[in-house]
Structures are given as C-alpha cells and as structure tokens.
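Examining the three-dimensional arrangement
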Amino acid sequence: MASRIDQDQVQHVASLAKLSLSDDQLKYFTTQLDEIIGLFETLNEVDTEGIEPTSSVSDQINVMREDVADNWGQRDALLANAPESEKGYIRVPTIIDESEDE
C-alpha cells in the first residue's frame, strides 16, 4: 500500500500550527494520519448508487428560540467566581501573541 501522506507534509502542518515534533512523534503522527486517510478512502468503495442524499440521520427537528439574555442576576455571582473581571466581563489571559510571528 502506497503512503498517502509523508513526513514532510506532517512536519509542514505541524510548523503551521507552531508545533515542534520529535522524530518519534513525526513517525507516529505520519502513520496515524495515513491510516485515517485510508479509512476515508474505504468509503469511496461503498456503492451508493440510487441512495438519496441524507441531510439528517435523526427525525428530530431543531427548535429555535429567540436569543434573549436571561437571568442577569446571576452575572454578579458568575463574576465573583472568576479569577479576574473587568467592566462586567471575565478577563482571560492573551493566548495569541502575534509579535512572535516570523
């Protein structure tokens, strides 16, 4: 069976995600991703001639409601449990620092 994905492709995607992989991890993930792609290729072998497309496998219907803020009294209790808050919002640390981009 020919490989559908190689280590260079996995390394490229890892670098785009700013991940560093050891040689062992690179081999492991290359094998894993190749097997996953193989599973999807197996689906191409299924005969779907005459089968109607399915938009949902469940008979349940989405029930939408108006998006209205509710229970504002709970806001203060929520903010009291947050490690930091500012101007009525939960303050979270910055997780993307674009200054490190190359």
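Everything discussed here concerns the structure shown above.
All residue numbers here refer to positions counted from 1 along the written sequence of the relevant chain. Side-chain atom pairs in this predicted model are given and counted only at pLDDT of 80 or more, local residue features only at pLDDT of at least 70, and totals for whole chains, interfaces and linings cover all residues. Side-chain numbers come from the whole structure's heavy atoms, not from hydrogens or water.

**Details of the overall build of the chain**
For the record, the criterion: Strands are runs of DSSP state E lasting at least two residues, helices are runs of H or I lasting at least four, and both sets are numbered from the N terminus onward. Atoms considered for the radius of gyration are the C-alpha atoms alone. The globule rule reads 2.2 Å times the number of residues to the power 0.38. Whether a residue is buried, partly exposed or exposed follows from its accessible area with a 1.4 Å probe, protein chains only, as a fraction of its type maximum: under 20%, in between, or over 50%, in that order. By definition, residues are in contact when any of their heavy atoms lie within 4.5 Å.
Within the chain, the regular secondary structure consists of three helices and two strands. Helices and strands in the chain line up, N terminus first, as α-α-α-β-β. For 102 residues, the compact-globule estimate of 2.2 N^0.38 gives 13 Å, and the C-alpha radius of gyration of the chain, at 24 Å, exceeds that figure by more than 25%. By principal-axis analysis of the C-alpha atoms, the chain measures approximately 60 × 45 × 20 Å. Taken across its 102 residues, the chain has 9% of its residues classed as buried. Looking at the chain alone, contacts between residues at least 24 apart form 33% of all its contacts between residues at least 6 apart.

**Some thoughts on the pattern of salt bridges**
Any two side chains of opposite charge can pair, given that their charged atoms come close. Using the following cut-off: We define a salt bridge as a contact between a side-chain nitrogen of Lys or Arg and a carboxyl oxygen of Asp or Glu at a distance within 4 Å.
Applying the stated rule across the entire model yields four salt bridges. Arg91 is the salt-bridge partner of Glu84, the closest N and O atoms lying 3.7 Å from each other. Its relative accessible area of 46% is what places Glu84 among the partly exposed residues. Its relative accessible area of 45% is what places Arg91 among the partly exposed residues. Members of the salt-bridge network, linked through shared partners, are Arg4, Asp34 and Glu41.

**Overview of the packing of helix α1 (residues 7-16) against helix α2 (residues 23-43)**
Selection criterion: Axes, fitted as lines to C-alpha atoms, cover a helix only where it is in contact. Angles between the N-to-C directions of the axes lie from 0 to 180 degrees. Convention used here: angles under 35 degrees read as roughly parallel, angles over 145 as roughly antiparallel, angles from 65 to 115 as roughly perpendicular, and any remaining angle as oblique. Ten residue types, Ala, Val, Leu, Ile, Met, Phe, Trp, Tyr, Cys and Pro, are classed as nonpolar, four, Asp, Glu, Lys and Arg, as charged, and the remainder, Gly among them, as polar.
Across the interface, α1 lies against α2 with an axial gap of 9 Å and an inter-helix angle of 105°. In this view, α1 runs roughly perpendicular relative to α2, as classed from their interaxial angle. Judged by residue contacts, Gln7, Val10 and Gln11 of α1 engage Leu26, Lys27, Phe29, Thr30 and Leu33 from α2. When its residues are assigned to classes, the contact of α1 with α2 shows four nonpolar, three polar and one charged.

**Considerations on the packing of aromatic side chains**
Note the threshold: Centres within 6.5 Å are what make two rings of Phe, Tyr or Trp a pair, Trp counting through its six-membered ring; a difference in plane orientation under 30 degrees is then read as stacked, over 60 as edge-to-face, and the rest as tilted. Any Lys NZ or Arg CZ that is within 6 Å of a ring centre and within 35 degrees of that ring's normal is treated as a charge sitting over the ring.
Scanning the entire structure with this criterion turns up one aromatic pair. Taking 5.2 Å as the distance between ring centres and 70° as the angle between the ring planes, the aromatic pair formed by Tyr28 and Phe29 counts as edge-to-face. Using a relative accessible area of 48% as the deciding quantity, one classes Tyr28 as partly exposed. Phe29 sits in the partly exposed class, given a relative accessible area of 35%. Between the NZ or CZ atom of Arg75 and the centre of the ring of Tyr89, over which it lies, the distance is 5.9 Å.

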